[in-house]
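Below are the chains, spelled out letter by letter.
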Amino acid sequence: MRRMLAMALAILMMTALLSGAQAGVPSGVEDGVLTVAMECNYAPYNWSQSDDSNGAVPISGSNEYANGYDVMMAKKLCEANGWKLEIVRLDWDSLVPAVLSGVVDAVIAGQSMTAARAEMVDFAGPYLYASIVCLARQGTPQAEAKGISELRGYCTSQLGTIWYSVCLPQIPNAEIQPAAESAPAMLMALETGAVDFVCTDIPTAQGALAVYPDMVLLDFSGSEDNFVVSEEEINIGISVMKGNAVLKDALDAVLSTMTVDDFNAMMAEATAIQPING
């Protein structure tokens, strides 16, 4: 079913692109509802749960609820603009096609504001700044690494991320394995010993430590033996349809009032309430 949905979204995306109908792009919130897509499987950014505790929001078309940093941010944006919030659960690879086709108004899902994505969508934000780190298991040689040059062995990261395509190839002795389809799958590969270390961003890593206390966070920032990434690769933004200036400006008007400390405090709150079962 998910594969069929992804194919349908891709077809809709191509139809939209071929029509060239960017002139007069509707905001999507004319009905007073901001429809937001996310995986609902990417703690602490977003996750699903069985009830509305801690301010969780219903997931459209299901009996489950979504919560996490992205949900908290979406609620803040909606409250400031007087919109209702609708959460749609989609796989990672379906998120951008959903915006391009107009199936959703925005994606709030921990996306890096890369140049490649910016060719397809417009970004509001950043709404978070996320540096790149690694995770290893306690008691392993990888856990003692003081820089990326000291890492070696099997590794992976999440499919469709700069962690996998940009960062892992910078590790000289990495034996890169196929990408994991999701952040939980990536973490499970590490926990079960299928790989020796993984690469991710610091919010995801901090969330993982709450679930897997046997993991160690490897942060090489401040060292010359660190990943080389651009600002666009650690700036996390909100995707909207190309040309949707009305929605982008409305989102940016709220985000511009927030500081890095505000973002980090909200992420700390999300990490504190994330389900221990991931």
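Fair warning: this is a prediction, and the values are worked out from it, not measured in the lab. (Residues numbered from 1 in each chain as written. Predicted model: local features only at pLDDT ≥ 70, side-chain atom pairs only at ≥ 80, totals over all residues. Heavy atoms only, no water.)

> Got a minute to help me understand the packing of helix α2 (residues 69–81) against helix α9 (residues 245–255) in this structure?
A pair of packed helices is captured by two measures, namely the crossing angle of their axes and the spacing between those axes. For the pair α2 and α9, the least separation of the axes is 10 Å and the interaxial angle reads 105 degrees. Judged on the interaxial angle alone, α9 and α2 are roughly perpendicular. Counted together, Met 73, Leu 77, Ala 80 and Asn 81 of α2 and Ala 250, Leu 251, Val 254 and Leu 255 of α9 form the full contact between these two elements. A per-class count over the contact of α2 with α9 returns 7 nonpolar, 1 polar and no charged. (Axes fitted to C-alpha atoms, helices over the stretch in contact; angles between N-to-C directions. Helix = DSSP H or I, 4+ residues; strand = E, 2+ residues; numbered from the N terminus. Parallel < 35°, antiparallel > 145°, perpendicular 65-115°, else oblique. Contact = heavy atoms within 4.5 Å. Nonpolar A, V, L, I, M, F, W, Y, C, P; charged D, E, K, R; others polar.)

> Just to check I follow, could you spell out the pattern of salt bridges for this structure?
A side chain with one charge may pair with a side chain of the opposite charge, provided their charged atoms come close. Under the criterion given, the structure shown has 3 salt bridges. Two residues, Glu 64 and Arg 89, come together in a salt bridge whose shortest N-O distance is 2.8 Å. Note that Glu 64 is positioned in the loop between β4 (57–58) and β5 (65–67) and Arg 89 in strand β6 (residues 84–89), a separation of 25 residues in sequence. Judged by relative accessible area, which is 28%, Glu 64 ranks as partly exposed. (Salt bridge = Lys/Arg side-chain N within 4 Å of Asp/Glu carboxyl O. Buried < 20%, exposed > 50% of the residue type's maximum accessible area, 1.4 Å probe, protein only.)

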